[in-house]
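Read off the chains here:
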Amino acid sequence: AFYRGFFELSADEEPADTYLLVPSSSRGFVALNGFNLGWHRREGPQLSLYAPASLLRRGRNEVIVFELLGQDSQVAPTVSLEARPKWSRNRAKLAAHQVREVVSFIRQVGP
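Residues numbered from 1 in each chain as written. Predicted model: local features only at pLDDT ≥ 70, side-chain atom pairs only at ≥ 80, totals over all residues. Heavy atoms only, no water.

Student: Any chance you could explain the overall build of the protein chain here in plain terms?
Tutor: A count of helices and strands for the protein chain gives one helix and seven strands. Order of helices (α) and strands (β) in the protein chain, N terminus to C terminus: β-β-β-β-β-β-β-α. Counting across all 111 residues of the protein chain, residues that qualify as buried make up 30%. Partitioning the contacts of the protein chain with sequence separation of at least 6, the portion at a separation of at least 24 is 75%. Element-wise, carbon and sulfur atoms account for 56% of the exposed surface of the protein chain, whose accessible area totals about 7700 Å². (Helix = DSSP H or I, 4+ residues; strand = E, 2+ residues; numbered from the N terminus. Buried < 20%, exposed > 50% of the residue type's maximum accessible area, 1.4 Å probe, protein only. Contact = heavy atoms within 4.5 Å. Areas by Shrake-Rupley, 256 points an atom, 1.4 Å probe, with all protein chains shown as cover.)

Here it is in structure tokens:
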């Protein structure tokens, strides 16, 4: 399903880099003012999508969410603008595990 929404930046607000978070969606794509920001998945690892300031407009901004698997409820997805990226909780564990594997490999083969 496709969902379309809008938000406003007032004339005195300066567009800035931001991250779009779609917490109620499971899987799909998000577009901001006609530009595809990318693929989102509830399970991550990336939970928010980067939106550079150059894509934001003073005045009305359009967000389109394509939800591939359908919603958990009959309510349209919500989109929030975040100052920082959001990652799934498993990302830190995965990164730590990968670092341990690399360190172990280096110890086995030598510098």
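Student: Just to check I follow, could you spell out the pattern of salt bridges for this structure?
Tutor: Any two side chains of opposite charge can pair, on the condition that their charged atoms come close. Going through the model one piece at a time under the given rule, you end up with two salt bridges. Ionic pairing is found between R58 and E14, a salt bridge with its closest N-O pair at 2.7 Å. Separated by 44 residues along the polypeptide, R58 in the loop between strand 5 (48–51) and strand 6 (59–67) and E14 in the loop between strand 1 (2–9) and strand 2 (18–21) bring together distant segments of the chain. A relative accessible area of 60% means that E14 is categorised as exposed. (Salt bridge = Lys/Arg side-chain N within 4 Å of Asp/Glu carboxyl O.)

Student: Can you walk me through the environment of V22 in this structure?
Tutor: For V22, the location among the structural elements is in the loop between strand 2 and strand 3 (27–32). Spatially, the C-alpha atoms of V22 and V65 are 8.5 Å apart, while their sequence positions differ by 43 residues.

Student: When you look at a nonpolar patch on the surface in this model, what are you seeing that I'm missing?
Tutor: Taken together, F29, W39, L68 and L69 make up a surface patch of nonpolar side chains, about 390 Å² in accessible area. Relative to the helices and strands, F29 resides in strand 3. For F29, a relative accessible area of 35% gives the class partly exposed. (Patch = residues over 30% accessible without salt bridge, like charges linked within 9 Å, V, L, I, M, F, W, Y side chains within 5 Å.)

Any functional reading would require information that these geometric values do not contain.
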